[in-house]
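# Fold and contact review
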Amino acid sequence: MNERIRLLFAEAIDIKLENLKNSEMSIEVAYIEPLCEEKKISDFIIVPFIKEEYSFQAQLDTNPDYEILEDVAMWQSLLLRGHVLIQANGVVYSFKAERVICIENSQTQVESAIQGPQIALSENINISLNLIRGMYPSPDLSVEEHSIGSLSKTPVFALFDQRRVDPTVLDNVRTKLTTINVEMLHSAGELEKLLVGNRKHLFPTILITERPDRITSAISKGKIIILVKGNMFALILPSTFFDFMHAVEDDYDSYWMTRFLIFLRYTSTLLTITLPALYISVVSYNPELFRVQLAFSIAGSRSAVPYPSFIEVFIMLFMIETLIEASIRLPRYIGSTATTVGGLILGQAAQQAGLVSSIMIIVTSVVAISNFVIPVNSLSFAVRFLKYPLIGIAIFFGITGVAVGLFIYITYLCSLRSFGKPYMRIFGKLRPLEGDVGQVKIK
Amino acid sequence: MNRYFYYNFVLVSFINLLLYVPHILIQYRYTGAVSSILVGIVIGTILVYMYTSAMARYPGKGLPEILKLHSPQWLVTISMLFFSVMWWFATTIVVVAYAILINRFFNPDADANIILTMLVIACGYAATRSTLSVMFIVEIGMIVNAPIIIFILFKAVRSNQLNWDAIHVVANYITEMPTLTCIAASTFIFTGYINLSLFNRLFPPNFRFKFRFIYPIAGAVILLITFFVPIGFHGTEGVNQYIYIWSQTANSLLMQYGFIERVLFLFLIVFLNLTLVYTMSGWHQAMEFVKSCFPSYRPEFDSLKTPMSNYVIVGIFALLSILYLMLTNEKMNMLITTYWLIVRFFVEILIVVWVFVLSKRRSKAV
């Protein structure tokens, strides 16, 4: 066996190919050292073989951890996944001694909730599965394994409740998972892009999460979860716009407060999208829209500004976007400095220098702050982009343009589908007897 | 799923404000408008009941499929082309009128053609989406805008400025004989049911129309408000001086505590949204009717990819709309609208009776 393995692999010193001999028999052992747990190899193979307290052949035959391997083609991939191959009396056994390096016991970092589970998925897929199985102890939970990447061969697990899952969505996901054609797959985000297929999408149609509670409640709603090995994020699909606007705490805290928070979230989303465009259209096109006092105070604050309103908007938005970008990229210790410098000094100074009006500074900060209210980061990013096309249309058409732009956004959102499910749809109460609109497929 | 049916109804009944319906009725306020409104309510209700009960027998089928079941292809093709022209006209009148309205009130410096081009591009993009998406957009449009319209109507009815005497005076002309123009105009309020011709495709087999009595009541209330409130604001004579009668009425209202003081702006923005939604819905239906003329056509309400034919057909609609604005002016537009309302009235009766007779024959055969 060892001779053939030597031929299968490139010259590498970390491949261990050993011949062991005791009074009973002689075996050949092959493994890749860094991928395997040393202790497991010595406990299960080397030590019992040398001590000879018990017949090693009998051990190989009785312990189910040693699997008989008949397919020679599997050798390479098993060795690369941290298995040990043993040849004894002409039979090849494989023994799993994989060593997984990951961050132990991780806390939620991206989506934190004040009350509610604090533990996040682990980079070790078995720990993640343990968490999910523990929170969803149902015999209907089905786990499928796929492998993606012609080179990386990353194991990918699809989890769903076999009774509740929508069969058409499941078929759709299975075909997509089997037809994905890439060399390397590292992260859940990469898989999301591959699954969606459309390269130029604006809104996320798959939810990426690290929270096991979000995952289990999604499974109970008939959704499909995809776990990627070596990744502490899972994909939830199909996801709707409203899933992205939903924080897990909405289910944990008091009813009226959470309703209020949801209202706040939608209002601030609307504000962050429209406010710069509305500023342009009110200042440059329809100052009579507001009541006289307000119109005067806006005009007064702009009296020192020497250029049209949209240039002002571009200056301020450029500053705030660079500030946000900088504070994300900077190390955590310097990050707060950047915000202080940017927020306090630039804001004040720009207004006093007459570069921008003070109302514009308020607009900018409202835009920036209300953007962060959106609970899921990927949607927050998408929304951050939305204000720019609206600014463009407001420059030429004023308020009419803003309204038409919003209509186009709603059209786009409504025409999106997440794995065949409508992305933006206001669900009223569905009576199961009545059936749903668009339920019947015309043949 | 009854709500999806009512969105169409409410949408059309609100959009009448932009179709010069109040203006046409007010022109005839001494010569038969009031009695025509009453007759219109009765006729509208009868048509609603006939059409909904006929359509309920064909679950998941639109008008083209129903006609194809019973009639030869050439007849279906001709009538579908004719209907699509009717539907295109219904929406184009509105969107063109609104482009001029924006030009008057919002952007007086801009060119109406350019504004119309922008509106038409937005509506065209929306109309090429799948039927299911269009339905969702109608839903969101109604949920967002209907409360504001109801607020404006409520504010108008409750206003101190409203002169009830003028309303009494006009209401006393109820004894005048109704006229065809006024009946055609007043039945337009009820015409949302005709959108069922296409959207019936979406409804599942076990779907039943419920609460149909809301139809005449809500329609009558909206119709009476649209007719009488402007008279109460501007007086029996002064009311005839305005074409955009409801924009002027909204302009007479004041929101004392809002940071937008004049109701006009709220009114215009909300009706811009409604115009977009209405145009999208009308063009989408006209587009599907045109597509149904081809023998190879398979009805599909939620296709993954937008077919090329959608873009071509809607593109033609859009170009024709821009041409329409170039060739007509407001006065002609109003005249055309008046005639269109009458033609529409008879075409709708034709469609309803046709489908109703077909459904009766079918149920006998079964």
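The structure presented is a predicted model; accordingly, all values stated were derived computationally and were not measured.

## A look at the overall build of chain A
On a plain count of helices and strands, chain A comes out with 16 helices and 12 strands. By its C-alpha atoms, chain A is 100 × 60 × 40 Å across when sized along the principal axes. Taken across its 443 residues, chain A has 47% of its residues classed as buried. Once local pairs closer than 6 in sequence are excluded, the contacts in chain A between residues at least 24 apart make up 64%. Approximately 22900 Å² of chain A is accessible, and the part contributed by carbon and sulfur atoms is 61%. The centroid of the 39 positive side-chain charges in chain A is displaced by 10 Å from the centroid of its 43 negative side-chain charges.

## Quick look at the packing of helix α10 (residues 255-284) of chain A against helix α16 (residues 399-415) of chain A
Residues and elements named next belong to chain A. Taken N-terminus to C-terminus, the directions of α10 and α16 make an angle of 160°; their axes are 9 Å apart at the nearest point. Relative to α16, the element α10 is oriented roughly antiparallel. Like other packed secondary-structure pairs, α10 and α16 cross with a definite hand, here right-handed. Counting all contacts with α10, which are made through I273, T274, A277, L278 and S281, the residues of α16 involved are I399, V402, L406 and Y409. Partitioned by chemical class, the residues of the contact of α10 with α16 number 7 nonpolar, 2 polar and no charged.

## What about the interface of chain B and chain A?
Interface size is commonly expressed as the accessible surface area that is lost when the partners come together. Between chain B and chain A, the residue contacts involve 51 residues of the former and 41 residues of the latter. Among the salt bridges present, the one from A:R291 reaches B:E261, with a minimum N-O distance of 3.3 Å. Put simply, chain B and chain A have 8 residue pairs in polar contact (both at pLDDT 80 or more) between them. Secondary structure elements with two or more residues in the side of chain B that touches chain A: α1 (2-15), α5 (73-105), α6 (112-127), α7 (131-157) and α13 (263-291) of chain B. Grouping the constituent residues of the side of chain B that touches chain A by class yields 34 nonpolar, 9 polar and 8 charged.

## Overview of the state of the cysteines
Counted under the stated rule, the structure contains 0 disulfides over all chains. Of the cysteine sulfurs around B:C123, a residue in no disulfide, the closest is that of A:C414, at 15 Å. Note on B:C123: relative accessible area 0%, which makes it buried.

## Quick look at the sheet that holds strand β5 (residues 91-96) of chain A
Residues and elements named next belong to chain A. Read from one edge of the open sheet, 5 strands run β1-β2-β4-β5-β3, paired in antiparallel fashion. Strand pairing shows two members of the sheet lacking a second neighbour, β1 (15-21) and β3 (66-69), which therefore form its edges. Ignoring which end each strand starts from, the neighbouring axes of this sheet average 25° apart. Its contacts with the sheet place helix α2 (residues 38-51) against β1, β2 (26-32), β3, β4 (83-88) and β5, and it is angled at close to 175° to β2.

## A look at the confidence of the model for chain B
With 99% of its residues at a pLDDT of at least 70, chain B reaches an overall mean of 89. At the level of chain-chain contacts, confidence expressed as ipTM amounts to 0.94, with global pTM at 0.90.

## So, the environment of A:S187
Residue and element names in this part refer to chain A. If you trace the backbone, S187 turns up in the loop between α6 (167-179) and α7 (188-196). For S187, a relative accessible area of 27% translates into the label partly exposed. Each C-alpha atom, one on S187 and one on D71, is 31 Å from the other, the two residues being 116 residues apart in sequence.

## A look at the sheet that holds strand β6 (residues 141-148) of chain A
All names here are of chain A. Within the open sheet, the 5 strands sit side by side as β6-β7-β9-β10-β8. Their pairing is antiparallel. The sheet terminates laterally at β6 and β8 (207-209), the two strands that pair on one side only. Taking each pair of neighbouring strands and ignoring which way they run, the sheet shows an average axis angle of 25°. Pairing analysis gives 3 bridges linking β8 to strand β10 (residues 234-237), with the strands arranged antiparallel. The residue bridging T209 from the neighbouring strand is A234, located in β10. Sheet strands in contact with α6 are β6, β7 (154-161), β9 (224-228) and β10, and its direction is about 25° off that of β9. With respect to the sheet, α7 is in contact with β6, β7, β8, β9 and β10, its orientation differing from that of β10 by roughly 30°.

Criteria and cut-off values
- Residues numbered from 1 in each chain as written.
- Chains lettered and ligands numbered in written order.
- Predicted model: local features only at pLDDT ≥ 70, side-chain atom pairs only at ≥ 80, totals over all residues.
- Heavy atoms only, no water.
- Helix = DSSP H or I, 4+ residues; strand = E, 2+ residues; numbered from the N terminus.
- Buried < 20%, exposed > 50% of the residue type's maximum accessible area, 1.4 Å probe, protein only.
- Contact = heavy atoms within 4.5 Å.
- Areas by Shrake-Rupley, 256 points an atom, 1.4 Å probe, with all protein chains shown as cover.
- Lys, Arg positive; Asp, Glu negative; His and termini not counted.
- Charge placed at Lys NZ, Arg CZ, Asp CG, Glu CD.
- Axes fitted to C-alpha atoms, helices over the stretch in contact; angles between N-to-C directions.
- Parallel < 35°, antiparallel > 145°, perpendicular 65-115°, else oblique.
- Left-handed = near helix turned anticlockwise from the far one by under 90°.
- Nonpolar A, V, L, I, M, F, W, Y, C, P; charged D, E, K, R; others polar.
- Salt bridge = Lys/Arg side-chain N within 4 Å of Asp/Glu carboxyl O.
- Polar contact = N/O pair within 3.5 Å; in protein donor to acceptor, adjacent residues only side chain to side chain.
- Disulfide = S-S within 2.5 Å.
- Pairing = 2+ DSSP bridges.
- pLDDT = per-residue confidence, 0-100.

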